[in-house]
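So you can see what is in the structure, the chains are spelled out below.
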Amino acid sequence: MMAGSYSNLVVLSCTTAGQAAGDLLGSDESEIVHILWSVVDTTANTVSVPVQSLVVKPDHSELSDEAKSRTGMDEGAVAGGAPIQAVLEQLHQSLTNGVGAPFCLVVDGQQAMRQCLHPETCKKGISLPDYFYAFFDLRREFRKFQSTSPAISSVRDMAQHLGLDVTAVDECQAMCLVIERLIGLGHKFTDPETVDYKYEPGTYQKNELIDDDTILRVRGLPWQSSDQDIARFFRGLNITKGGVAVCLNPQGRRNGEALVRFASKEHRDLALLRHKHHIGQRYIEVYKATGEDFLKVAGGNANEATAFLRDSAAEVIVRMRGLPYTATAADILNFFGQSCPVAGGEKGILFVRYANGRSTGDAFVLFETEAYAQLALAKHKESLGKRYIELFRSTAAEVQQVWNRYQQCPLIHTTPTMIPMLPQQAITCGSIRDCVRMRGLPYQATHDDVLAFLGEYAVYVRDHGIHMVLNSSGKPSGDCFIQMYSPEAARQAAEKCHRQYMGDRYIEVFQCSGDEMNFVLMGGQLNKNGIVSPPNVYAAEAPVLLDAQMCDYLGQQMTATASGPAAAAAAAAVAAANQYQYPGYPPQVQVPQMSILPQGMMQSPRGIPSPAAATSPYYTSAAAAAAAAAAAAGYPPAMYPQYYFPSPPVSPTSVGYYPPPSPVLRMRGIPYNAGVPDVVNFFGGYQVGAS
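How each quantity is defined
- Within every chain, residues take consecutive numbers counted from 1 along the sequence as written.
- Where totals are concerned, whole chains, interfaces and linings use all residues; where local detail is concerned, this predicted model gives features only for residues with pLDDT of at least 70, and gives and counts side-chain atom pairs only at 80 or more.
- Water and hydrogen atoms were dropped before computing side-chain values, which therefore reflect all heavy atoms in the structure.
- Patches in this entry comprise residues that are over 30% relatively accessible and not in a salt bridge; like charges within 9 Å are linked, as are nonpolar side chains (Val, Leu, Ile, Met, Phe, Trp, Tyr) within 5 Å.
- Per-residue and other accessible areas follow the Shrake-Rupley method at a 1.4 Å probe size, with only the shown protein chains counted as cover for residues.
- The term salt bridge refers to a side-chain nitrogen of Lys or Arg lying within 4 Å of a carboxyl oxygen of Asp or Glu.
- When charges are counted, Lys and Arg contribute as positive and Asp and Glu as negative, whereas His and the chain ends are disregarded.
- Note on charges: their place is set at NZ of Lys, CZ of Arg, CG of Asp or CD of Glu.
- For helices the rule is a DSSP run of H or I covering at least 4 residues; for strands it is a run of E covering at least 2, with both sets numbered from the N terminus onward.
- Exposure is judged per residue with a 1.4 Å probe applied to protein chains only, and the accessible area is read against the type maximum: over 50% gives exposed, under 20% gives buried, and values in between give partly exposed.
- Only buried residues count toward a nonpolar core. Its members are Ala, Val, Leu, Ile, Met, Phe, Trp, Tyr and Cys residues joined through side-chain atoms within 4.5 Å.
- We call two residues contacting when some pair of their heavy atoms lies within 4.5 Å.
- Following DSSP output, two strands are said to pair if at least two bridges run between them.
- Only C-alpha atoms enter the line fits that serve as axes; for helices the fit covers just the stretch in contact. Angles between N-to-C directions range over 0 to 180 degrees.
- Polar contact is the term for a pair of N or O atoms within 3.5 Å; when the atoms are in protein, one must be able to donate a hydrogen and the other to accept it, and sequence-neighboring residues count only if both atoms are side-chain atoms.
- Note that the term roughly parallel is reserved for angles under 35 degrees, roughly antiparallel for angles over 145, roughly perpendicular for angles of 65 to 115, and oblique for everything else.
- By convention, the crossing between two helices is left-handed when the near helix turns anticlockwise from the far helix through less than a right angle, and right-handed when the turn is clockwise.
- In this classification, the charged set is Asp, Glu, Lys and Arg, the nonpolar set is Ala, Val, Leu, Ile, Met, Phe, Trp, Tyr, Cys and Pro, and all remaining amino acids, among them Gly, are polar.
- Two cysteine sulfur atoms form a disulfide, by the criterion used here, when they sit within 2.5 Å.

Peer 1: Hey, could you go over a positive patch on the surface for me, with residue numbers and the actual values?
Peer 2: There is a patch of like positive charges on the surface, built from R358, R387, R666 and R668. If you trace the backbone, R358 turns up in the loop between strand 15 (349-353) and strand 16 (359-367).

Structure, rendered in structure tokens:
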């Protein structure tokens, strides 16, 4: 409907129980407690229905001082109101019976509709009439009329610019006066804004261009959340078709994160205000992200999965897991039966396969309606043949991720799943407690945030002495290590800053040494009572063996058991290590050259490096000498953990720094009582690695 044909404009304003108002209205997740509405006849340019007041009884009756000031009511008056569903039904009756059609809603700014009314009614399961999905933003209409006007942040700013006195009227009356003046000056209310009825699934290609200013990363989602659940969390804000991409972990399961693409930067900015809002009992974190991040999850190639999603008009995708490897499309159609028909028959089924064509036991199935999908999901854990089948609601992005992962590489994990790594200069070692550990940092914290948190003690931080610890995915772990100029500075900083707040999070601060810092990175714990050993550390006799300490230890052990060339090689290894220093550090500081990995987090215990390894960037000459000495001393190769020598002054930032693993095969269907000799015999005639 063309906006010029609207004969009435319904002016609407609302107040919530919280402290937030204006541009932040709705950002505190507070409930609506007061609604004002009026009607302006656009033909006669007069107010046809004076301001009406509707008191809403919230589920939680506490009112902030801001709400009391804006409404003139206290908790007792609000408790006498009606629930929001009854209030909206009353408003609907008044508009449909007493206001001439057609009409459209008018609000001051986006917040009342997008951040308050739609999110609250969605959360409470209330359906809104169609006219709530189109509205005029009075601020935007004013900018259309006065394109050169200064910044406008409220209806009173507009009234002042138009020469109207609104000091003695409420917000709803002021909006009516502004609308009358704009119509009188010839402005036409055309092209109302719209709110999407529902989220539509869709697909993206890897080579698409995505505006960074429209992407958000969402964290803390319940693991069972679907794209529709995430879209409901952002109800009121328009999400592009296929704009919700649920992230999966390396095992192919949801990890509680998602990337969301909004229709505009304005909607993305409003979505950021929903940081720490709730889905059920869980609060959800919302952060900015990039188009590249989004396409890594949602983007696909011109493959079978993309065609499967693109050519179907189905509403719901269901993932099947645990299928027999011999299952066919006919078996799946029979499994769901006539009660929940698959959209498109066999064309609505996508079997996920490895690159060699073997089945993975997963499949995706399309259903035309939500009702059919619910009937299908009710078959969760029913049997197909001799196997029970797991069923989950899925998304287009999940289809792309699962398909691409199985097509590109098998899900055999040959790298540690969680090894903290430091992206800055290598950390010091030693027993001097001139360092500080910070725990519980916000994931978006920067070096400047850390310095600001330390306050007066920031001047005692060494140059390049702040080390933000990342996990194996390259994401912040919430930990930070700081090198100070003296133990006294570290002690005072830990005492004064412990449990102080950075934003809305309190930070734990502990004094520690370089050895303790490295020990924590190996899986140990550090608190005010000292360090607690990690659960299973390789080479447990010397829990912190770094740089010269490690080589000294190896040298002593080798010298005790070797003689002649072996002892000389051990001494050479120690000497080579003791000569190695990073530039820019004080002479008394020993920078570690080695990283020790806990057992169980390694790919496998490796043998002593070959002579060719001495040319690898992961090994220094000292490492090669130590390895040769160990071999000469007769130590079995499997007794030694892997040691890596990152090139100074930067430590590796992703799992890509591990040397590539040897070729690995995965075996399935092995008898439970089979042992290593059985596996070796099975591969008789083929060389099997000693490790």
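After that view, the rundown keeps rolling.
Peer 1: Residue-level account of the pattern of salt bridges, with values.
Peer 2: The full count for this structure, using the stated rule, is 29 salt bridges. The salt bridge partner of R319 is D362, with a shortest N-O separation of 2.6 Å. Linking R319 in strand 14 (residues 316-321) with D362 in strand 16, this pair joins segments that are 43 residues apart in sequence. For D362, a relative accessible area of 4% gives the class buried.

Peer 1: Talk me through the nonpolar core; I want residue IDs and the actual numbers.
Peer 2: Core analysis: the biggest nonpolar cluster contains 31 residues, and L12, I32, I35, W37, L95, M113 and F132 have the highest contact counts within it. At the level of elements, strand 1 (8-16), strand 2 (32-41), strand 3 (46-55), helix 3 (84-98), strand 4 (103-107) and helix 4 (111-123) are the ones that each hand at least two residues to this core. Here this core gets five residues from one element, more than from any other, and that element is helix 3. Aside from chain neighbours lying at most four places away, what touches L95 is V10, W37, F103 and Y131. L138, L164, C176 and L182 belong to the second largest nonpolar core, which has 26 residues in total.

Peer 1: Break down the sheet that holds strand 16 for me, citing the residues and quoting the values.
Peer 2: One open sheet accounts for four strands, arranged 15-16-14-19; its pairing is antiparallel. Looking at the sheet topology across the chains shown, the edges are occupied by strand 15 and strand 19 (390-394). Strand-to-strand twist across the sheet, computed as the mean angle between neighbouring axes with direction ignored, equals 25°. Two strands pair when backbone bridges link them, and strand 14 and strand 16 are joined in this way by six bridges, in the antiparallel orientation. In the strand pairing of strand 16, V316 is matched with F367. Packed onto the sheet, helix 12 (residues 329-336) meets strand 14, strand 15, strand 16 and strand 19 and runs at close to 125° relative to strand 15.

Peer 1: So, the pairing of strand 24 (residues 505-512): which residues are in play, and what are the values?
Peer 2: Across the eight residues of strand 24, six count as buried, placing the element largely inside the fold. As paired elements, strand 20 (residues 435-439) and strand 24 share five bridges and run antiparallel to each other. Paired with R439 across the strands is E508, a residue of strand 24. Sheet analysis places strand 23 (residues 500-502) next to strand 24, joined by three bridges and oriented antiparallel. In the strand pairing of strand 24, M502 is matched with R505.

Peer 1: Give me the environment of A376: which residues, what numbers.
Peer 2: Here A376 is to be found in helix 13 (residues 370-377). The exposure class assigned to A376 is buried, which follows from its relative accessible area of 0%. Between the C-alpha atom of A376 and that of V342, which follows or precedes it by 34 residues, the distance is 9.2 Å. Excluding its chain neighbours within four sequence positions, the residues that come into contact with A376 are F336, C340, F367 and L391.

Peer 1: Describe in detail the side chain of S359, supporting the description with residues and values.
Peer 2: Inspection of the secondary structure puts S359 in strand 16. A relative accessible area of 10% means that S359 is categorised as buried. Of note is the side chain of S359, whose polar atom sits 3.2 Å from the backbone nitrogen of G361. Apart from the residues lying within four places of it in its own chain, the contact partners of S359 are Y325, V352, R353 and Y354.

Peer 1: Before we move on, could you go through the sheet that holds strand 24 and cite the residues and values that matter?
Peer 2: Overall, antiparallel pairing links the five strands, which are arranged 21-22-20-24-23 in an open sheet. Edge positions in the open sheet fall to strand 21 (461-470) and strand 23, since each of these has one partner strand only. Adjacent strand axes in the sheet meet at a mean angle of 30°, parallel and antiparallel pairs treated alike. Helix 15 (residues 447-454) rests against strand 20, strand 21, strand 22 (476-484), strand 23 and strand 24 of the sheet, and its axis sits at about 120° to strand 21. Contacting strand 20, strand 22, strand 23 and strand 24, helix 16 (residues 487-497) runs over the sheet at an angle of about 155° to strand 24.

Peer 1: Please provide a residue-by-residue account of the packing of helix 5 (residues 138-145) against helix 7 (residues 171-184), values included.
Peer 2: In a packed pair of helices, the relevant descriptors are the angle between the two axes and the axis-to-axis distance. For the pair helix 5 and helix 7, interaxial distance at closest approach is 11 Å and the crossing angle is 30°. One finds that helix 5 runs roughly parallel with respect to helix 7. Viewed along their axes, helix 5 and helix 7 form a crossing whose handedness is left-handed. From helix 5, L138, F142 and F145 reach across to helix 7, where they touch M175, V178, I179 and L182. Its residues placed into classes, the contact of helix 5 with helix 7 shows seven nonpolar, no polar and no charged.

Peer 1: How would you summarise the state of the cysteines if you had to cite specific residues and measurements?
Peer 2: Applying the stated criterion across every chain yields a total of zero disulfides. Cysteine C14 is unpaired, with the sulfur of C116 as its nearest cysteine sulfur at 4.6 Å. Looking at the unpaired C512, the closest cysteine sulfur is the one in C435, lying at 5.3 Å.

Peer 1: Tell me about the pairing of strand 12 (residues 282-288), and please be specific about residues and values.
Peer 2: Here strand 8 (residues 215-219) runs beside strand 12; their pairing, made up of four bridges, is antiparallel. In the sheet register, L216 faces strand 12, and the bridge partner there is K288. Sheet topology note: the strand 11 (residues 277-279)/strand 12 ladder contains three bridges and is antiparallel. Pairing of I279 across the sheet is with R282, part of strand 12.

Peer 1: How would you explain a nonpolar patch on the surface if you had to name every residue and give the values?
Peer 2: There is a patch of nonpolar side chains on the surface, built from V459, Y460 and Y485 and spanning about 330 Å² of accessible area. Classification of Y485 by relative accessible area gives partly exposed; the value is 45%.

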